[in-house]
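# Structural features, examined
The residues making up each chain are set out below.
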Amino acid sequence: MSRPISAPRGTRDLLPEDGAAWNHAEAIARDLSHRYAFDRIETPLFERTELFARGLGEASDAVEKEMFRVSGPTASEEERAEWALRPEPTAGIIRAFVEHGMYVRPGPLRVWMLGPMFRYDRPQAGRYRQFTQWDVEVIGDPGPMVDAEVIELGHRYFAELGLTDVVAYLNSIGDATCRPGYRAALVEYLAARQDRLTDDSRRRLRTNPLRVLDDKDLDPEVAAGAPRSVDHLCDACRAHFDTVRGLLDGLGVRYELDHRLVRGLDYYTRTTFEFFVAGRRGQQQALGGGGRYDGLAELLGGRPTPGIGFGIGIDRSVLAAAEQGVEAAVEAPLVAVVSSEAGELGLRLAAAATLRAAGLRVRADGSTRKLGKQLESAAKLGARWAVIIGDDPGTVILRDLDEHTQRELPLSEVAAAIG
Ligand code: HAM
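Residues numbered from 1 in each chain as written. Predicted model: local features only at pLDDT ≥ 70, side-chain atom pairs only at ≥ 80, totals over all residues. Heavy atoms only, no water.

## Regarding the overall build of the protein
Broken down by element type, the protein carries 15 helices and 16 strands. When its C-alpha atoms are laid out on the principal axes, the protein stretches across 85 × 60 × 45 Å. Taken over 419 residues, the protein has a buried fraction of 48%. For the protein, the share of sequence-separated contacts (at least 6 apart) that also reach a separation of at least 24 residues comes to 69%. Element-wise, carbon and sulfur atoms account for 51% of the exposed surface of the protein, whose accessible area totals about 20,600 Å². Positive and negative charge centroids in the protein, built from 53 and 63 side chains respectively, lie 3 Å apart. (Helix = DSSP H or I, 4+ residues; strand = E, 2+ residues; numbered from the N terminus. Buried < 20%, exposed > 50% of the residue type's maximum accessible area, 1.4 Å probe, protein only. Contact = heavy atoms within 4.5 Å. Areas by Shrake-Rupley, 256 points an atom, 1.4 Å probe, with all protein chains shown as cover. Lys, Arg positive; Asp, Glu negative; His and termini not counted. Charge placed at Lys NZ, Arg CZ, Asp CG, Glu CD.)

## Notes on the packing of helix α7 (residues 179-191) against helix α8 (residues 199-207)
Across the interface, α7 lies against α8 with an axial gap of 10 Å and an inter-helix angle of 145°. In this structure, the crossing between α7 and α8 has a hand that is left-handed. Packed against α7, whose contacting residues are R183, V187, L190 and A191, the element α8 presents L205, R206 and T207 at the interface. Taken together, the residues that form the contact of α7 with α8 break down as four nonpolar, one polar and two charged. (Axes fitted to C-alpha atoms, helices over the stretch in contact; angles between N-to-C directions. Left-handed = near helix turned anticlockwise from the far one by under 90°. Nonpolar A, V, L, I, M, F, W, Y, C, P; charged D, E, K, R; others polar.)

## Some words on the site of the ligand
The environment of the ligand is formed by 27 residues, the closest being E88, Y128, R263, Y268 and A286. Contacts to the ligand include R119, whose side-chain N or O atom sits 2.9 Å from an oxygen atom. Here a nitrogen atom of the ligand and a side-chain polar atom of Y268 are 2.6 Å apart. The set of elements that each furnish at least two residues to the shell around the ligand consists of β6 (130-139), β10 (288-292) and β11 (307-313). (Near = heavy atom within 4 Å. Polar contact = N/O pair within 3.5 Å; in protein donor to acceptor, adjacent residues only side chain to side chain.)

## As for the pattern of salt bridges
Throughout the structure, instances matching the rule amount to 36 salt bridges. R95 is the partner of E47 in a salt bridge, and the nearest nitrogen-oxygen pair spans 2.8 Å. Of this pair, E47 sits in strand β2 (residues 46-48) while R95 sits in helix α5 (residues 90-99), and the two are 48 residues apart along the sequence. Residue classification places E47 among the buried positions, given a relative accessible area of 7%. Bridged by salt links that share partners, the residues D61, E64, K65, D200, R203, R204, R211 and D214 form one connected network. (Salt bridge = Lys/Arg side-chain N within 4 Å of Asp/Glu carboxyl O.)

## Re the packing of helix α2 (residues 49-56) against α5
Packing of α2 against α5 brings their axes to within 9 Å, and their N-to-C directions diverge by 105°. Taken together, the axis directions place α2 and α5 in an arrangement best described as roughly perpendicular. Residues L51, F52 and L56 of α2 form the contact with α5, whose own contacting residues are A91, G92 and R95. By residue class, the composition of the contact of α2 with α5 is four nonpolar, one polar and one charged. (Parallel < 35°, antiparallel > 145°, perpendicular 65-115°, else oblique.)

## Remarks on a negative patch on the surface
On the surface, a cluster of negative charge is made up of E341, E344, D391, D392 and E408. For D392, a relative accessible area of 43% translates into the label partly exposed. (Patch = residues over 30% accessible without salt bridge, like charges linked within 9 Å, V, L, I, M, F, W, Y side chains within 5 Å.)

## A short note on helix α6 (residues 145-161)
For α6, which comprises 17 residues, the first-to-last C-alpha distance of 25 Å matches the rise-based estimate of 24 Å (1.5 Å per residue) to within 8%. Taking burial as the measure, the 17 residues of α6 include twelve buried ones, the bulk of the element. Every buried residue of α6 is accounted for by V146, D147, A148, V150, I151, E152, L153, G154, H155, Y157, F158 and L161. After α6 finishes, the residue G162 shows a positive phi value of roughly 105°. (Expected span 1.5 Å × (residues − 1).)

## Description of the sheet that holds strand β8 (residues 255-257)
Backbone hydrogen bonds hold the strands of a sheet together, and the pairing may be parallel or antiparallel. Spatial strand order, β1-β5-β6-β11-β10-β9-β7-β8: eight strands in an open sheet with mixed pairing. Unpaired on one side and paired on the other, β1 (39-40) and β8 mark the two borders of the sheet. One ladder, built from ten bridges, connects strand β5 (residues 109-118) with β6; its direction is antiparallel. Within β6, the position partnered with R110 by the bridge is V138. (Pairing = 2+ DSSP bridges.)

## Description of the pairing of strand β12 (residues 334-339)
Within β12, six of the six residues are buried, which leaves the element mostly enclosed by the surrounding structure. Burial along β12 is two-sided: the residues L334, A336 and V338 and V335, V337 and S339 are all buried. Looking at chain direction, β12 and strand β13 (residues 361-364) are connected through four bridges and run parallel. By the bridge assignment, L334 is partnered in β13 with R361. With five bridges joining them, β12 and strand β14 (residues 385-389) adopt parallel strand pairing. When the bridges of β14 are listed, A336 appears paired with A386.

## Concerning the state of the cysteines
Going through the model one piece at a time under the given rule, you end up with zero disulfides. Between C178, a cysteine without a disulfide, and C234, which holds the nearest cysteine sulfur, the sulfur-to-sulfur distance is 3.6 Å. Look at C178 and you get buried, because its relative accessible area is 7%. With relative accessibility at 16%, the residue C234 sits in the buried group. (Disulfide = S-S within 2.5 Å.)

## Looking at the side chain of D121
Mapped onto the elements of the fold, D121 is located in the loop between β5 and β6. The exposure class assigned to D121 is buried, which follows from its relative accessible area of 16%. Engagement of the side chain of D121 in a polar contact is seen with the side chain of R127, the distance being 3.1 Å.

Put into structure tokens, the structure is as follows:
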């Protein structure tokens, strides 16, 4: 016997018993995308590595440590570095926006996507090498109303999923006018305390100093005394942030300010936010995150175009829902078509087709087992009803497998009788 093959590290199989919870989590995302008037967009699962290097930043973890390279069988050494699986969707969406000259459309453009992302990270609970995100982006709107609108949308997602206690943590990291001043103040402060930083943070101090603030091992005293971006905002960024907060207050959205929330990707400007279950702020526990990226289109060779969006992790949201004991939405009751006549496969199939056409969820037993065995296995499979076909295909017995009652009726009336 040959050796069985296991799934790649950091990936998970979605098993049939997980399907209902995933369907529920994805259906809410699709439905909210529709209700909030977002249009669907799809971009390739792989793109030029340069897109991510320019968009997310050379020094971001996603690019520096976690790029999942892909190449063809004849690729040269150079070509091997050319393509990568997408670690996130925003850069690809803005690439498409620029490439298709979408500036000219009536805007702002509102798009959504639901699909797999890839980060070659160290796998652990809640952190996978392949994971699924629901992403929304509003492109061409400088805000601040839309900032509050997308944060409220994220909140609504978790509420409709059935999660309780979700908080949006909020910050503003300024823009090209005020960020350089903040960055300089932060570097000066941290450089004077280098001996209290981790090796990683000492390195980041040169490449990406804001990220030192989200080092989970940062000395709490150093963290507490660090300059805060909100104290360095220019007038325009301050007014923008104050308005976003006022709008969120008006909507009754639960948020808390977090001065260390700088996010891991370089494209962010002004508003940044992340969603967590209150009190569960571990590294792998962000349920979603996003923010404004007013400079990204330009970084990718397009005209200056503001944007804002978020990505919600479906894997983590499903896990959180299971932890909170949320019941997945009940799927339609299952109907099993069985037959007392061992050979009548054609009749079973035809009856199943008729019932499905009437909108029912049906599986037909294709075995030659005795009727009693067929009914037994229908119950084990979770069927609520059995439709028993006899000699006359127009008349069937509808058996309630929970109540153990049954009655005879025309096949054409089964859907109405169950509905
Ligand atoms: P992000 O914070 O890198 O943002 O990812 C968003 C969410 O994806 C996280 O909060 C988390 O739930 C999930 N996630 C990220 N990495 C993993 C992983 N390795 N395993 C499981 N889940 C993960 C972005 O990707 C931005 N593109 C969001 C955005 C959209 N900003 C503006 N527009």
